[in-house]
Every structure is written in C-alpha cells, then in structure tokens.
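As a plain string of letters, each chain reads:
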Amino acid sequence: MTPTPSNGTNIEELLEHVDYGINVVDSDFNVLHMNKASLTKFNISASDSYPFKCHEILFNNPEPCANCPVKQMEESGERFGQLVGALNTPNNPNHRVKYHKLDQARYVQTLADVTRETELVRQVSLQSKETQAQNLILKRKRQELEEHTAFLDSIFNSIQSGIMVLDSAMNLTITSANKAISTFLPAGKELVKNKCFQVFGFQRRCPGCPIENVNKHAKWHSLRYHQKVSDHTLTEYYSQLPDGKILLIFEDSTKRVNLLQQLKEHKEIIERQNLIFRSLLETSTLIQQTSELDELFNCTLSQLGSLFITLSFGLILDGERPELMESAVFRGITEDEQQAIIKHNIRLLDDDVSLVLNQYFKDHGLLSNPGMSESFPNWWVLPMRGRERRVLGKLLIKGDAIDQQSTEIISLFLEQVTAVAENKLLTRQLEKMANTDALTGAYNRGYFDRELERSIETATRFPNVFFTVLLIDVNGLKRVNDVFGHQDGDAMIIKVAQLLTSVCRKTDIVTRLGGDEFAMLCPSSNYKSTDVLLNRIREHEAQTELLCKHANGEEEIVPIRMSIGMASSEDTHPEEVLKLADKRMYEDKEAFYATRDRYR
C-alpha cells in the first residue's frame, strides 16, 4: 500500500507537479512509480506496465549498479545516498541521482543534470595540463641551448678541421677560431677582427658565398669551389648558430679529390675481374678464392671513416633469403643500433628507414635524450647493386647531412666493394659445386664444417641471429648391408639424401657426414621454423621404402627410418649446438631400437 497524506492526496499525485525526474523504487530495485518528467526523460509511456528495474531504466545495466546507494543504505541504515553517471537517454547527459529513504520498503530517486559541472571540471583539468606542457617545453628549450653550447665547445676542443666563428652582423668579421685553423692559412695571417675572405688574400666576398642564404633554420651549406692553400685543396662549410653567428669549417679534401680518380680506375679493373669470374662459373671451373668478406668490408669502412670523420657506416651482404646475411660489418655504430639494423634488414631500403629505426630506438629507450628531436640520428642506405642491377646488400650511413660530392665518393667505394663481393659469391657457388658427396650429391663434411663455423661466428657476433642443426642417422643400414648387400645399402643412403634434399629450403645445407650419418644446417632459423621442417621430414619418412632382393631372388620391402636430433643457438651456446644435436640423435636412436630389434 502507498502511504496517503493527511489531506487525502497520495505521494504519486504530488510527484506529478515536480518538473524534474523523480522515481519511487523498492529495495529489490523495482521502479514502482515514475512522475511525468521522468517518463518523458526516458521516453516511457504512462500506460507501460510496472515494475521496471531501476538500473535498466537509468543506465541500461542488466545487473544492479556496483555502487548502488540502495544496497549501501540498507547495510548502513542511512536515509540518504547518491551516485553520478550517464543516463540511458537520447542525449546521454551526466546526472546525479539522489536517493531518500521513504519508508522501510521504498526509496525516492531524484535526477539532477550535472553535465555543466562535469564540463567545468574537465576544462579546469585541460588548462592544468596545458600549463604543465608549456612549462615542459620551456625546460626542454633551456636544456637544448645548454647542450648546443656544450657541443660547440666540444668541436673547438677536439675537431681537427679548421673552424672560424663569424659575428652575427653578417659582415663576415672573425670573432674566434680554433687552433687547427692555422694549418689551413698562409703563414703570419691575423684572424680575429679581420674578414674571413681577407685571411685568404681576397678584397671582397668569395663568389657564390653561401652566408647570405644561411639562417638559423637552415641545414649546412658548402661552398662549391675549393680554396688552394699550400698545395692543399680545402672545402668550406657554413651554418648559422642559434645566436645568429656563422660557423665556418675548413676541411682538407686533397685526399678525397685524388681518391676519386683512383676509384674510377679501380672500378674498371674490378669489372674486368667480375667478367672473368662469371665466365668461370658458366664453365663449372674452380676459381681462386678471394680474401674474406669481413676483412674486405672492414678495410672499406676504415677508408670511409678516415674521409668522413663525422659519419658512421655499416655494410650488410644479404643471403639467398631476405632474412639471411652473408656478412655484416659496422664502424661507429653501437651494438644496440646494430641489433636494430639486423632486425629491420628487409626494410632498410624503404624510403622511411630513418623513421623506422629511430622509432625503434625511441620505443626501446635507446636514445641519448628521448625528449628532444635532436636525439634522433639521420640514416641513409645505399643499395649494393651487382650484375643486372640485382641488390646484393646495403651500405648504411649515420650522421650529419652529406653533400653530393661526398655521396659520389661513397658510391665509388660501394661500387668497388660490391664488385669484389659479387666475385666472392660466385666463388662460393663454385665452391659448393666442388664440395659434394660423390654417392648422394649432398655436401661433404669439409663444406659442412666451414659453413657451421660461419654460422657460429655470426650467432656469436649477433645473438639474435639463430641457426639450427639436424643430425640424422639411418636406422637398419647394417641389416640391409648384411642381408641384401652393400649395393642395396648404398641405395638406402641415396634415398635418404633425396628425401632430405626434397623437403629442405633453398638455403638449408644438406650434408653427408660419412657412412649413414647426415647433417642439415639451417641458417637464420629458430626452433619454431625448423620444427616445421622436421615435421615435413617425418611425413615423407613414413612413406619412404626400399625394394630389396634376397640372394634367392625373393623381394622384400624395407621401410626407411631415421633417428634425428635437433638443437638451436636460440637456447644453446653456438659452440655447443652440434654436440647437443648429436646427443639428442643418439637418444632418439636408442628409443627406436628399444622396440625394433629387427632393425639392428
């Protein structure tokens, strides 16, 4: 029964005269009555039958609200409670729902719109965050200026190139210079307070002087002609400092100019040698082995490093699969950066390679100062193009922007080393042809040992580049030799070699170690990828048989079965991989013979 006021008017009638939403609910969350304003707010007809669940009407929740005041009021004995949330209405505003205990079984809900209050709180929060962001920007700007000043001091104290600082009035007056500048200037020349062109004996600005176009947002500019001083060729570089002063650097490019002509001559020689090697490959003739690739690459990067002291370099020679590497050598690039480069090897020739690498460094906390854009190094990648313009690998460059002349010199170095590297790859193909087992056509033990050593060296230098070894031993070969003869035994060995070769990948190395023992070396492979290969071997093994004849002419079908041991450098030291694979192969063999005595 609904309580009735003393004047004869019940509560429901009184609620109809209130212009904001009011509901009456019981302790089981049933809505017993909704006034006209509440029915309108939730688009409910007065003729709809009661009761409704209040959490369904207000918030479209199938279950009671976790922070329901009705529950709290029943447990605490309080007569008042409230919560705030977005109502299940078309415009979905924020409301504060207040609860008043009417009697022992009923509660009154009043719905108050607090959307404006919520918006004011949000605006205050945004203004606070904006103020914090502005303070952070100012802090970073101050830090940037301090680092820039320290950078200039470091240049003056360490760089061997000649440096002048010109005043900010754009009149080319020298305000300071480092000690190394004296090696580039005529004897007895005074520097400070003179014009920069005067110390070289000129009466006016040099033709094409780039200082007029330099501003504090510009990159480096270089003067395209060279100053001749004491039989040395100098190249001048200009940039404007944040305080408006001009930084002028003199670099001795004599060696670079001379080297350019030498590289052109060497390129013709290397191309001729490359033609000879291709001819040798076509006639299947052995070629004389060249020097090791790592030694060749180190020599090239050493030459580049001596010419471009502000740059760092890396050379990667790709394998037959994109994720494989024949060789990788770096100079001035950190181990963390090397791991990132190898991880993104297949993307190094993308246009956004600098963005990709720097984003990786940022995500992994490898930047010197992640809060500043100057922490991001610049990266360039030039392809190593061999015969028919095929990409053999990449040359990576890290550092400041490089001009066209520097790019041309680096490209000549790259062309030279690419030709020799291609010769090396052609030689290796001939080496493979000359290192095969006469019976099976698989590689022999000597070739396997050399390739395993290369994989161990690569995995040791780059711990994230794994390799896997499978050791395979043919079960039951002794019985075939004893019962049917060595001719059938050889046929069994040949069948095993054909099975392994048919299921392996192009880059996997199938080797006959001797007798009935085989090995598969899988470069740049972990357990997961090699396990797929192992499953393929087992599937083909189950269907492989050999038809043998007894001395009396009776035929017998002999199933071909193998014991296999697998190990990977993913979880084993590279030097221990072969030993672990051998141990697992013998365990597999013991398990096989434990139930199959007829194969012994």
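Okay, so let's go over this structure. (Residues numbered from 1 in each chain as written. Predicted model: local features only at pLDDT ≥ 70, side-chain atom pairs only at ≥ 80, totals over all residues. Heavy atoms only, no water.)

### Side note on the overall build of the chain
Next, step 1: The secondary structure content of the chain amounts to 15 helices and 22 strands.
Next, step 2: Across the 600 residues that make up the chain, the buried fraction comes to 45%.
Next, step 3: Considering only contacts in the chain between residues 6 or more positions apart, those separated by 24 or more positions represent 54%.
Next, step 4: Accessible surface, the chain: about 33000 Å² in total, of which carbon and sulfur atoms supply 49%. (Helix = DSSP H or I, 4+ residues; strand = E, 2+ residues; numbered from the N terminus. Buried < 20%, exposed > 50% of the residue type's maximum accessible area, 1.4 Å probe, protein only. Contact = heavy atoms within 4.5 Å. Areas by Shrake-Rupley, 256 points an atom, 1.4 Å probe, with all protein chains shown as cover.)

### Some thoughts on the side chain of N481
Next, step 1: Position of N481 relative to the elements: it lies in helix α12 (residues 477-484).
Next, step 2: Look at N481 and you get buried, because its relative accessible area is 17%.
Next, step 3: One polar contact links N481 to H486, side chain to side chain, over a distance of 3.5 Å.
Next, step 4: N481 has contacts with H486 and G489, leaving out every residue within four places of it along the chain. (Polar contact = N/O pair within 3.5 Å; in protein donor to acceptor, adjacent residues only side chain to side chain.)

### Some thoughts on the sheet that holds strand β14 (residues 325-331)
Next, step 1: With antiparallel pairing, four strands are arranged side by side in an open sheet as β14-β13-β16-β15. Sheet topology places β14 and β15 (379-385) at the edges, where each strand pairs with a single neighbour. This sheet shows a mean twist of 15° between the axes of neighbouring strands, independent of strand direction.
Next, step 2: Where strand β13 (residues 312-318) lies against strand β16 (residues 391-398), six bridges are found, and the strand directions are antiparallel. Along β16, the bridge assignment pairs F313 with I397.
Next, step 3: Strand contacts of helix α7 (residues 293-307): β13, β14, β15 and β16, with the helix running at about 30° to β14, the strand carrying the most contacts. (Pairing = 2+ DSSP bridges. Axes fitted to C-alpha atoms, helices over the stretch in contact; angles between N-to-C directions.)

### Looking at the packing of aromatic side chains
Two descriptors summarise a pair of aromatic rings, namely the distance from one centre to the other and the angle between the planes of the rings.
Next, step 1: Under the defined criterion, the tally for this structure stands at six aromatic pairs.
Next, step 2: With a centroid separation of 6.2 Å and 80° between ring planes, the pair formed by F330 and F462 is classed as edge-to-face. Residue F330 is located in strand β14, and its partner F462 is located in the loop between α11 (445-461) and β17 (467-475); the two are separated by 132 residues in the primary sequence. Across the pair, exposure class does not vary: F330 and F462 are buried alike.
Next, step 3: Ring centres of F361 and W379 lie 6.2 Å apart, and the angle between their planes is 45°; on these two criteria the pair is classed as tilted. (Phe/Tyr/Trp six-rings, centres within 6.5 Å; stacked < 30°, edge-to-face > 60°.)

### Some points on α12
Next, step 1: Buried within α12 we find L477, R479, V480, N481 and F484.
Next, step 2: For α12, the elements touching its buried residues are β17, α13 (486-503), β20 (545-549) and β21 (555-559).
Next, step 3: Positive backbone phi, approximately 110°, marks G485, located one or two places after α12.

### Describing the pairing of strand β4 (residues 80-86)
Next, step 1: Burial along β4 is one-sided: G81, L83 and G85 are buried, while F80, Q82, V84 and A86, pointing the other way, are not.
Next, step 2: In this sheet, strand β5 (residues 94-101) lies alongside β4 in antiparallel orientation, the contact comprising seven bridges. Among the inter-strand pairings, G81 is bridged to a residue of β5, identified as Y99.

### Quick look at the packing of helix α8 (residues 335-343) against helix α9 (residues 353-363)
Next, step 1: At their nearest, the axes of α8 and α9 sit 10 Å apart, and the two run at 125° to each other. Considering their axes alone, α8 and α9 lie oblique with respect to each other. Judged by the twist between their axes, the crossing of α8 over α9 is right-handed. Residues D336, E337, A340, I341 and K343 of α8 form the contact with α9, whose own contacting residues are L357, Y360 and F361. (Parallel < 35°, antiparallel > 145°, perpendicular 65-115°, else oblique. Left-handed = near helix turned anticlockwise from the far one by under 90°.)

### Topic: the nonpolar core
In a soluble, globular protein the nonpolar side chains are often hidden away together inside.
Next, step 1: The biggest cluster of nonpolar side chains holds 47 residues, and the ones touching the most others in it are L500, M520 and I537.
Next, step 2: Here this core takes seven residues from α13, the largest share from any one element.
Next, step 3: Excluding anything up to four places from it in sequence, L500 contacts I472, V510, F518, M520 and I537.
Next, step 4: L293, F313, F413 and A421 belong to the second-largest nonpolar core, a separate cluster that totals 27 residues. (Core = buried A, V, L, I, M, F, W, Y, C linked by side-chain atoms within 4.5 Å.)

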